[in-house]
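For reference, the chains in residue letters:
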Amino acid sequence: MVDAAVLAGCRSCERGAQQRLYELSHRQVYRLMVRMVGLQDATDVTQQVFLQVFRKIDQFAGHSKFETWLYRLASNEALQHLRKGRRWKFQPLTQEPVSRHASEEDRNENKELIERALSKIDPELRAIFVLREIEGLTYREIAEAIEIPEGTVGSRLNRARRELQQHLADLGWEP
Amino acid sequence: MNCLEVQESLAAYFDGEIAADVRSIMETHLGRCAECTRDLAGFKQISVMTRALQTPSPPDSLWAQIEQQLDQQPLAVSAEQPRTWASLAPRLFALAATVVVALGLGSFIYDSWIAQGEHPRFAVEFGQYVDGFRRDPIAAQQIFLAKYESQLVDPQQAIQHVGYHPAVARGLPEGYTLVSTHVVKMPCCTCVQALCKRSDGSTLAIFEHDENQTTEWFGDSPETMAACHDKQCCFVQLDGQLAASWRQGTRHITMLGVEDAAEVSQMVAWMDENKAPLPD
Ligand SMILES: [Zn+2]
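Here's a quick rundown of the structure. Treat the numbers as computed from the prediction; the structure is a model and nothing was measured.

Analysis parameters
- Per chain, the residues get numbers from 1 upward, laid out in the order the sequence is written.
- Numbering of ligands from 1 and lettering of chains from A proceed in the order in which they are written.
- Selection of residues for local features in this predicted model requires a pLDDT of at least 70, selection of side-chain atom pairs for listing and counting requires 80 or more, and totals for whole chains, interfaces and linings are taken over all residues.
- As a rule here, side-chain values cover all heavy atoms of the structure and leave hydrogens and water aside.
- A helix here means a DSSP run of H or I that spans at least four residues, while a strand means a run of E at least two residues long, and both kinds are numbered starting from the N terminus.
- For every residue, the accessible area (1.4 Å probe, protein chains only) is compared with the maximum for its type, and the residue is labelled buried under 20%, exposed over 50%, or partly exposed between those bounds.
- Only heavy atoms enter the contact rule, under which two residues are in contact if any of them lie within 4.5 Å.
- For accessible areas, the Shrake-Rupley method is used with a probe of radius 1.4 Å. Any residue's cover is judged against the shown protein chains and nothing else.
- Stacked, tilted and edge-to-face are the three classes applied to pairs of Phe, Tyr and Trp rings, where Trp contributes its six-membered ring and a pair requires centres within 6.5 Å; stacked means planes under 30 degrees apart, edge-to-face means over 60, and tilted covers the rest.
- Geometrically, a charge over a ring is one whose NZ (Lys) or CZ (Arg) sits within 6 Å of the ring centre while staying within 35 degrees of the ring normal.
- Strand pairing requires that DSSP identify at least two bridges connecting the strands.
- Donors, by definition, are the N, O and S atoms found within 2.8 Å of a metal, the threshold being 3.2 Å for Na, K and Ca, and water is not counted, so a site can look incomplete.
- A four-donor site is called tetrahedral if each angle lies between 85 and 135 degrees; a four-donor site is square planar, and a six-donor site octahedral, when trans pairs exceed 155 degrees and the remaining angles lie between 65 and 115; all other cases are labelled irregular.
- When two components associate, each loses some accessible surface as probed by a 1.4 Å sphere; the sum of these losses over both components is called the buried area.
- For this document, the term salt bridge refers to a Lys or Arg side-chain nitrogen within 4 Å of an Asp or Glu carboxyl oxygen.
- Identification of polar contacts relies on pairs of N or O atoms within 3.5 Å, with a donor-acceptor requirement for protein atoms, meaning one able to donate a hydrogen and the other able to accept it, and with residues adjacent in sequence counted only if both atoms are side-chain atoms.
- Axis definition: a line fitted to C-alpha atoms, over the contacting stretch in the case of helices. Angles run 0 to 180 degrees between N-to-C directions.
- Small angles under 35 degrees read as roughly parallel and large ones over 145 as roughly antiparallel, with 65 to 115 read as roughly perpendicular and the rest as oblique.

**Topic: the overall build of chain A**
Thought 1: Counting its regular elements, chain A contains 9 helices and 0 strands.
Thought 2: In chain A, the succession of α and β elements from N to C terminus is α-α-α-α-α-α-α-α-α.
Thought 3: The buried share of chain A, reckoned over its 175 residues, is 53%.
Thought 4: The contacts in chain A between residues at least 6 apart in sequence include a share of 64% that link residues at least 24 apart.
Thought 5: For chain A, the accessible area works out to roughly 8,200 Å², and carbon and sulfur atoms hold 44% of it.

**So, the packing of aromatic side chains**
Thought 1: Tallied over the entire structure, the rule returns 20 aromatic pairs over all chains.
Thought 2: Measuring from ring centre to ring centre gives 5.1 Å for Tyr 22 of chain A and Trp 63 of chain B, while their planes differ by 40°; the resulting arrangement is tilted. Remark: Trp 63 of chain B occurs in helix α5 (residues 62–75) and Tyr 22 of chain A occurs in helix α2 (residues 15–37); the pair is interchain, linking two chains. Trp 63 of chain B shares its class with Tyr 22 of chain A; the two are buried.
Thought 3: Linked through ring pairs, Phe 126, Tyr 129, Phe 133, Phe 144, Tyr 148, Phe 207, Trp 217 and Phe 218 of chain B together constitute an aromatic cluster.
Thought 4: One Lys or Arg, Arg 161 of chain A, reaches over the ring of Phe 43 of chain B and ends 5.4 Å from the middle of that ring.
Thought 5: Sitting over the ring of Tyr 164 of chain B, Arg 251 of chain B keeps its end group 3.7 Å from the ring centre.

**Structural notes on the pairing of strand β7 (residues 241–248) of chain B**
Looking down a regular strand, the side chains alternate between one sheet face and the other.
All names here are of chain B.
Thought 1: Most of β7 is tucked away: 7 of the 8 residues are buried.
Thought 2: Taken together, strand β6 (residues 231–238) and the strand that follows it, β7, pair antiparallel across an intervening segment of 2 residues, in which Gly 240 is found at a positive phi of about 80°.
Thought 3: Pairing geometry for β7 and strand β8 (residues 251–256), over 6 bridges, is antiparallel. The residue bridging Ser 245 from the neighbouring strand is Thr 254, located in β8.
Thought 4: Where β7 folds back onto β8 in an antiparallel hairpin, the turn is made up of 2 residues, including Gly 249, whose phi is positive at roughly 65°.

**Quick look at the coordination of the zinc ion**
Residue and element names in this part refer to chain B.
Thought 1: Looking at the zinc ion, the protein donor atoms are Cys 3 (SG), His 29 (NE2), Cys 33 (SG) and Cys 36 (SG), and they sit 2.1 to 2.3 Å from it.
Thought 2: Every donor counted, the 4 donor atoms about the zinc ion form angles of 104 to 118° at the centre, which fits tetrahedral coordination.
Thought 3: Here the donor residues of the zinc ion are spaced in sequence according to C-x25-H-x3-C-x2-C. Remark: His 29 occurs in helix α3 (residues 20–32) and Cys 3 occurs in helix α1 (residues 3–8); sequence separation between them is 26 residues.

**A closer look at the interface of chain A and chain B**
Thought 1: Between chain A and chain B, the residue contacts involve 50 residues of the former and 46 residues of the latter.
Thought 2: Overall, the association of chain A and chain B removes approximately 4,500 Å² of surface from exposure, summing both partners, and the carbon and sulfur fraction of that is 60%.
Thought 3: The interface formed by chain A and chain B includes 6 salt bridges.
Thought 4: Put simply, Arg 15 of chain A and Asp 71 of chain B hold a salt bridge, and the shortest N to O gap is 3.0 Å.

**A few points about the environment of Asn 212 of chain B**
Residue and element names in this part refer to chain B.
Thought 1: Here Asn 212 shows up in the loop between β4 (203–209) and α10 (214–218).
Thought 2: For Asn 212, a relative accessible area of 48% gives the class partly exposed.
Thought 3: Considered as a pair, Asn 212 and His 252 are 40 residues apart in the sequence and their alpha carbons are 6.2 Å apart.
Thought 4: Contacts of Asn 212, omitting those with residues within four sequence positions, involve Ser 245 and His 252.
Thought 5: Side-chain polar atoms of Asn 212 contact the backbone nitrogen of Thr 214, separated by 3.1 Å.

**Some thoughts on the sheet that holds β6 of chain B**
All names here are of chain B.
Thought 1: Taken together, the 8 strands give an open sheet; going across it, the order is β1-β2-β3-β4-β8-β7-β6-β5, and neighbouring strands pair in antiparallel fashion. In this open sheet, the two edge strands, each paired with only one partner strand, are β1 (149–152) and β5 (223–228). Shown here is a sheet whose adjacent strand axes are inclined to one another by a mean of 25°, direction ignored.
Thought 2: Contacts from helix α11 (residues 261–273) reach β2 (176–185), β3 (190–198), β4, β5, β6, β7 and β8, with the element oriented near 25° to β7.

**A short note on the packing of helix α7 (residues 123–133) of chain A against helix α9 (residues 153–170) of chain A**
All names here are of chain A.
Thought 1: Axis separation between α7 and α9 bottoms out at 9 Å; the angle between their running directions is 100°. As the angle between them shows, α7 and α9 are arranged roughly perpendicular. On α9, the residues touching Glu 124, Leu 125, Ile 128, Phe 129, Arg 132 and Glu 133 of α7 are Val 153, Arg 156, Leu 157, Arg 159, Ala 160, Arg 161, Glu 163 and Leu 164.

Here it is, written out as structure tokens:
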């Protein structure tokens, strides 16, 4: 948990506090980035997110949870990265060549299908869906992170799920 | 509530983000509507599949990279003296004298990655790969291949991509098995990378490439030359592991994760014995 002491330390640019904040939150940021921009760019974008966090820490007013603010910076960074068009070739994790040994872990072909389906939907819908399903945010937190009205979160999740179902069906998935 | 209304609120219902009274109305509808119930089951399946996804851990070196960036901002003003080969020379000299002992004892000296070549960012990435390789070669391999344009090839077919038969197309010495062969387009060069296993299950990576790449790949990690079989080999001491590179015919071979000079000598001898041209 990123507490007030860590935040205060980050505000005065203390390296120890910055490192603590990183240790407490880098896994969730990286996890979101892998799903949003793909494995090959996830490290770079995660790095950018933390540089932004340290640069903008004064702007965190404490009205919401720190995590929600962090997800907002992270989602923004991911969406910007995708908009820049540097990576049109978003490749889901398991489409990449894997060695025979790694394939043991990737036995479940459902994983590959859902990753491919995820890579096909609109990035903003993807962010909303991932924040809900993987990060477990509430609708209010998603609304704050993505900066959309809370009342529209449900309809977007409806759309995300239906589009995912459609892509899965196109990929030959049978429930 | 009709089907359309239920469908509109289905996500909110599924996510538990709906008022209790609406919830009970929806439950009544779902109890007698197969279509809406099927949609709800679809949401559940997608949710289960998504939650089952696993994410690899971020590289351990990520914090160091961030720190470096944080440091660079104030440093950009004061002209920091770059580290040069000259400043490293005394240390390298001392290392050269002790390398035989170091090889035997496996006591390695950690040296941070400093980009010396033309592709500083690549040097950092390659450093991460090398660092990861020591801990989990298979995971490091996946991350490495994901970074660059790479293709899994049959070693005999690699010639179609690189214009030559790589050494591994002729097989490997006894006690080694080939796990995979990739043609990888890195910023510095296109190489053929073969992942091999020893009989004890440990992993070795063999790169074949056109130019000498030890500086580009390993930055300023300590190097020393030693004779292996009939060749001068460059040994690079990495954090907890060893790499070796030598000229083989018109190209260069670099092995990552080598055990000792004896292993390199054996590999050099084997490649020399098995260099007869293969039919194209
Ligand atoms: Zn219905």
